[in-house]
Amino acid sequence: LHMPANPIDEYLATLSESQRAALSALRVKILKVVPTAEECITYGVPTFKVDGTSVAGFAAYKNHLSYLPMSGSVLSDASLADELKGYEMSKGAMKFTADNPPSQALVKKLITVRRAQA
């Protein structure tokens, strides 16, 4: 019986070693918070869904990596302001480098804020 490959595994396989290592570690952090999340690709990026709602995602770009909270208002949540200092952000993405990934505590907070909105 051939199981279809996990689409996130396929995405990670296309990346450089440092990007793959950083995003694989981030994936583990996300799954620690939402262990039953469905892993899929949405809009071309790895996405983690809980009960059909996207709660986290990530992506690799040429010069940075991004944590995607899957909502335009998560990163502006006042409760996250201190932890997000030092990260470059757009409305829907927190940029980071392979050597400065978000901590487990920050990932948990980001997902908690996102799930509270859902």
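What counts and what doesn't
- Residues numbered from 1 in each chain as written.
- Predicted model: local features only at pLDDT ≥ 70, side-chain atom pairs only at ≥ 80, totals over all residues.
- Heavy atoms only, no water.
- Pairing = 2+ DSSP bridges.
- Helix = DSSP H or I, 4+ residues; strand = E, 2+ residues; numbered from the N terminus.
- Polar contact = N/O pair within 3.5 Å; in protein donor to acceptor, adjacent residues only side chain to side chain.
- Contact = heavy atoms within 4.5 Å.

A word on the pairing of strand E6 (residues 93-96). Alignment of strand E4 (residues 65-68) against E6, held across three bridges, turns out to be antiparallel. Within E6, the residue paired with Ser 66 across the bridge is Lys 95. Pairing between strand E5 (residues 88-90) and E6: three bridges, direction antiparallel. Of the residues in E6, the one forming a bridge with Met 89 is Met 94. What sits between E5 and E6 in their antiparallel hairpin is a turn of two residues.

So, on to the side chain of Ser 66. Residue placement: Ser 66 occurs in strand E4. At 3.5 Å, the side chain of Ser 66 and the side chain of His 64 are in polar contact. With sequence-adjacent residues up to four places away left out, Ser 66 is seen in contact with Gly 57, Phe 58, Ala 59, Tyr 61, Ala 93, Met 94, Lys 95 and Phe 96.

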